[in-house]
Amino acid sequence: MADPVIVNARGMKCPWPALRAARAMRDAPAIRIEADDPIAGRELEALARQNGWLFAVIDTHQYALSRIAPD
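All of these numbers come straight from a predicted model, not from anything done at the bench. (Residues numbered from 1 in each chain as written. Predicted model: local features only at pLDDT ≥ 70, side-chain atom pairs only at ≥ 80, totals over all residues. Heavy atoms only, no water.)

**A few points about the overall build of the protein**
- Per the secondary structure count, the protein includes two helices and four strands.
- Mapped from its N terminus to its C terminus, the protein presents α and β elements in the order β-α-β-α-β-β.
- Expected size for 71 residues packed as a compact globule is a radius of gyration near 11 Å; at 11 Å, the protein falls within 12% of this value.
- Along the first, second and third principal axes, the C-alpha set of the protein runs to 30 × 20 × 20 Å. (Helix = DSSP H or I, 4+ residues; strand = E, 2+ residues; numbered from the N terminus. Rg over C-alpha atoms; globule rule 2.2 N^0.38 Å.)

Shown next as structure tokens:
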């Protein structure tokens, strides 16, 4: 699997991190997003669930979304 696309959404208030993630997922099978808005994790998880994508918390303010299961 190719490396995920990195999306930097630090300093952006919701819904912008979710919008940036959705846009990046148009062309990528997986992304890694950095977002420090306190509700970004919940928003990104909801976006993933809505689209049938996998969602994971990587670290504080770092999340992963993908269409396919990691190896």
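**Here's the deal with the packing of helix α1 (residues 16-27) against helix α2 (residues 40-51)**
- Between α1 and α2, whose axes approach to 9 Å, the crossing angle comes to 35°. Regarding α1 and α2, the two cross each other, and that crossing is right-handed. In contact with Pro17, Ala18, Ala21 and Ala22 of α1, α2 contributes Ala40, Glu43, Leu44 and Leu47. (Axes fitted to C-alpha atoms, helices over the stretch in contact; angles between N-to-C directions. Left-handed = near helix turned anticlockwise from the far one by under 90°. Contact = heavy atoms within 4.5 Å.)

**Structural notes on the environment of Arg67**
- By secondary structure assignment, the location of Arg67 is in the segment after β4 (62-66).
- In this structure Arg67 comes out as partly exposed when scored by relative accessible area, which is 40%.
- Sequence-wise, Arg67 and Met25 are 42 residues apart; in three dimensions their C-alpha atoms are separated by 8.6 Å.
- Setting aside chain neighbours within four positions, we find Arg67 in contact with Met25, Arg26, Ala28, Pro29 and Trp53. (Buried < 20%, exposed > 50% of the residue type's maximum accessible area, 1.4 Å probe, protein only.)

**Quick notes on α1**
- If you check which residues of α1 are buried, you get Pro17, Ala18, Ala21, Ala24 and Met25. Projected onto a plane normal to the axis of α1, the buried residues spread over an arc of 125° and lie on a single side. Residues of α1 that are exposed and angled more than 90 degrees away from the buried face: Trp16, Arg23, Arg26 and Asp27.
- Each element contacted by the buried residues of α1 is listed here: β1 (5-8), β2 (30-34), α2 and β4. (Arc of directions from axis to C-beta.)

**Thoughts on unusual backbone geometry**
- Residue Cys14 is joined to Pro15 through a cis peptide bond whose omega torsion reads 20°.
- If you trace the backbone, Pro15 turns up in the loop between β1 and α1.

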